[in-house]
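For reference, the chains in residue letters:
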Amino acid sequence: MKYALIGCGRISPNHLEAALNNNLEIVGICDIIPEHMDILLEKVGVAKDKIKHYTDYHEMLQKEKPELVAIATESGKHAKIALDCLDLGANLIIEKPISLSLEDADNIIKKSKEKGLVVCANHQNRFNKSIQKIRKAVEDGSFGKMLYGTAHIRWNRGKDYYTQAPWRGTWEQDGGALMNQCIHNIDLLRWMMGDEVTEVCAYTDNLNHDYIEAEDLGMAIVKFKNGSYGIIEGTTDIYPKNLEETLYLFGRKGTVKAGGKSVNIIEEWLFENEKENPEKVKQENSEMPKNIYGFGHTPLYKNVITAIQNHTKPLVDAEAGKRALELVLAIYKSAAEGRPVKLPLDKCSTTDFIGRFK
Ligand SMILES: NC(=O)c1ccc[n+]([C@@H]2O[C@H](COP(=O)([O-])OP(=O)(O)OC[C@H]3O[C@@H](n4cnc5c(N)ncnc54)[C@H](O)[C@@H]3O)[C@@H](O)[C@H]2O)c1
C-alpha cells in the first residue's frame, strides 16, 4: 500500500517506524522545512536518498497518489490538509486532535463518507496492551454497572518545549494541556464509559505558563448518559517531570487502574467474577515504553490498513476523534462560561477562547 507522511516534526518518527513495521511502500515524506525530513530519516535510520522529499504536499499527492497519508503537522492545519487529501482519494491517519473545531471535524467525516475513504484519529493509547485488556473487561460486562471513572494526566512541559515550536499552546493552532497532552486519556475515559456524555462542568486556568495563550490546568466533572460519572484532571504543571497518566474505572463488580507514565501498566485488577490470576493479568498486560508516546502507532497503523483492505471501520474512526475533541471543547466552554454545558455541542472551536487567560 502506497503511503506518505505530511509533517516531519517531534512525533513523526513514530509514524515512519509504524509505516516501516507494517511494510507500507513509503512513496514520499513532506515538510515545509526541508531539514526536518533529514532529521526524521536520521532518527529512524533510513538513508536520505531512499525516500522522496517534498516541501509541498499538493505536489506529493499529485505525483505519488498515496493510498494512505498520515498528517502530523500542527493541529490547526489538520483539517485543511485532510480535506485536500480526501479530495485526491487518500485514506487518512490524522494525528490527535483530529481538528480544532467541531465544524472541521464534521467536514472531514462528511467528505470521508462521500468518498468512501477511511479516516483514523491517532489516539494510539487505545492500542496499549493494558487498555486493550481493560476494554475487553468493559465489553464482556465484568465491571457490572459502571459507577465512575477518573483520568489523571500529571505531566510537565517547560519553556523549551514551547519555544521549539511556537504554535504550541496557541488557540489558533493547538489549545492547551487538555487539547494537546490530555486528549488521549480523555478519549479513553469517554470510550470506556460508554461514549455518550450529557453534561460537563469544568474549571481551566493558566497558573504556570504565562508565555502560552491556553490552559495548563483543567479539572472537569462529566455526566454520562448511562448514569455514571467521570472526573478529568489534566496538567502540564507538575514539578519537575512527567509523573503519571492514570485511568481508574470503578464498577459495581470491578475496579481497575491503568497507570505508569502513559496508562501502560495495569496496577489494579479486581473483579468479583475473576477467572484469571490478577497478578498474571497485570504482568502480561503491562509495558514500559521508552517514552510517553508508547508502542501504539504500529498496531494503530495495522488496524487502519486492515480497515482499508476490508472496507470496515478502524478502531479510532473520525467520529471517535470528534468525540474526544468535543469533550475537550465542552470543558473549555464550561470553564469559560462558569456553568455546566450540555452535550452534544453544536458549534465550538479553540479560537472561541482567544484572550481567555489574558
Ligand atoms: N499521538 C501522540 O502521542 C502525539 C505526540 C506529539 C504530537 N502529536 C500531534 O502531532 C502533531 C504534530 O506535533 P509535533 O509535536 O510533532 O509538531 P512539530 O512542530 O514538532 O512538527 C510539525 C511539523 O509539521 C511541519 N509542517 C507544518 N506545516 C506543514 C505543511 N503544510 N506541509 C508539510 N509539513 C508541514 C512543520 O514544519 C513541522 O516539522 C500535532 O497535532 C500534535 O498534537 C501527537
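Note that this is a predicted model, so its numbers are computed, not measured. (Residues numbered from 1 in each chain as written. Predicted model: local features only at pLDDT ≥ 70, side-chain atom pairs only at ≥ 80, totals over all residues.)

1. With respect to the site of the ligand
Consideration 1: Around the ligand, a shell composed of 24 residues is seen, among which Gly-7, Gly-9, Arg-10, Glu-95 and Ala-165 lie nearest.
Consideration 2: In the shell around the ligand, the residues fall into 10 nonpolar, eight polar and six charged. (Near = placed C-beta within 6 Å. Nonpolar A, V, L, I, M, F, W, Y, C, P; charged D, E, K, R; others polar.)

2. Concerning the sheet that holds strand S14 (residues 341–342)
Consideration 1: As summarised here, the arrangement of the eight strands in space is S13-S12-S11-S7-S10-S9-S8-S14, forming an open sheet in which the pairing is mixed. Unpaired on one side and paired on the other, strand S13 (265–271) and S14 mark the two borders of the sheet.
Consideration 2: As paired elements, strand S8 (residues 197–205) and strand S9 (residues 217–224) share eight bridges and run antiparallel to each other. Pairing of Thr-204 across the sheet is with Gly-218, part of S9.
Consideration 3: Its contacts with the sheet put helix H6 (residues 129–139) on strand S11 (244–251), strand S12 (254–259) and S13, and the angle it makes with S12 is roughly 165 degrees.
Consideration 4: In the packing of helix H9 (residues 183–192) onto the sheet, contacts are made with strand S7 (146–154), S8, strand S10 (229–235) and S11, and the angle to S7 comes to roughly 175 degrees. (Pairing = 2+ DSSP bridges. Helix = DSSP H or I, 4+ residues; strand = E, 2+ residues; numbered from the N terminus. Contact = placed C-beta atoms within 7 Å. Axes fitted to C-alpha atoms, helices over the stretch in contact; angles between N-to-C directions.)

3. Details of the domain arrangement of the chain
Consideration 1: Each assigned domain of the chain is listed here: domain 1 (2–125 + 297–316) and domain 2 (127–289 + 322–352).
Consideration 2: Here the C-alpha centroids of domain 1 and domain 2 sit 25 Å apart.
Consideration 3: With 19 residues of domain 1 at the interface, the matching set in domain 2 holds 26 residues.
Consideration 4: Where the side of domain 1 that touches domain 2 is concerned, the elements lending two or more residues are helix H5 (102–115) and helix H11 (297–310). (Domains from an automatic or database assignment.)

4. Considering the packing of H5 against helix H12 (residues 318–337)
Consideration 1: One can describe the packing of H5 onto H12 by two numbers: an axis separation of 10 Å at closest approach and a directional angle of 170 degrees. Here H12 runs roughly antiparallel to H5, going by the angle between their axes. Note on element contacts: H12 touches H5 through Ala-318, Glu-319, Gly-321, Lys-322, Leu-325, Glu-326 and Leu-329, opposite Leu-102, Ala-105, Ile-108, Ile-109 and Ser-112. (Parallel < 35°, antiparallel > 145°, perpendicular 65-115°, else oblique.)

5. Thoughts on the packing of helix H1 (residues 12–21) against helix H2 (residues 34–44)
Consideration 1: Two numbers describe how H1 lies on H2: the axes approach to 10 Å, and their chain directions differ by 55 degrees. The orientation of H1 with respect to H2, classified from their angle, is oblique. The crossing of H1 and H2 is right-handed. Here Ser-12, Pro-13, Leu-16 and Glu-17 of H1 lie close against H2, whose contacting residues are Leu-40, Lys-43 and Val-44.
Consideration 2: Here the contact of H1 with H2 is composed, by residue class, of four nonpolar, one polar and two charged. (Left-handed = near helix turned anticlockwise from the far one by under 90°.)

6. Focus: the nonpolar core
Consideration 1: Ranked by internal contacts, the top residues of the largest apolar core, which has 96 residues, are Leu-92, Ile-186, Val-328 and Ile-331.
Consideration 2: Top element by residues in this core is H12. It accounts for 11 residues.
Consideration 3: Discounting chain neighbours no more than four positions away, the residues touching Leu-92 are Val-69, Ile-71, Ala-82, Cys-85, Leu-86, Val-119 and Cys-120. (Core = buried A, V, L, I, M, F, W, Y, C linked by C-beta atoms within 7 Å. Buried ≥ 20, exposed ≤ 12 C-beta atoms within 10 Å, placed from the backbone.)

7. Considering the sheet that holds strand S1 (residues 2–6)
Consideration 1: Spatially, the six strands line up as an open sheet ordered S3-S2-S1-S4-S5-S6, and their pairing is parallel. Two strands close off the open sheet at either side, each with one partner strand: strand S3 (53–54) and strand S6 (119–122).
Consideration 2: As paired strands, strand S2 (residues 25–30) and S3 are joined by two bridges and run parallel to one another. Across the sheet, residue Ile-29 finds its bridge partner in S3, namely His-53.
Consideration 3: Taken strand by strand, helix H3 (residues 57–64) contacts S1, S2 and S3, and its axis lies near 160 degrees from that of S2.

8. What about H1?
Consideration 1: Along H1, seven of the 10 residues are buried, which leaves the element largely enclosed by surrounding structure.
Consideration 2: Among all positions in H1, only Ser-12, Pro-13, Asn-14, His-15, Leu-16, Ala-18 and Ala-19 are buried.
Consideration 3: For H1, the elements touching its buried residues are S1, S2, H2, strand S4 (68–71) and H11.
Consideration 4: One or two steps after H1, the chain reaches Asn-23, where phi turns positive at roughly 55 degrees.

9. Topic: the environment of Ser-130
Consideration 1: With respect to the helices, strands and loops of the structure, Ser-130 is situated in helix H6.
Consideration 2: Residues Ser-130 and Asp-237, spaced 107 residues apart in sequence, show a C-alpha to C-alpha distance of 26 Å.

10. Notes on the environment of Glu-95
Consideration 1: Tracing the backbone shows Glu-95 in strand S5 (residues 91–95).
Consideration 2: For the pair Glu-95 and Ala-70, spaced 25 residues apart in sequence, the C-alpha to C-alpha distance is 7.5 Å.
Consideration 3: Each residue touching Glu-95, except ones within four places of it in the same chain, is listed here: Ile-11, Ile-71, Ala-72, His-78 and Asn-122.

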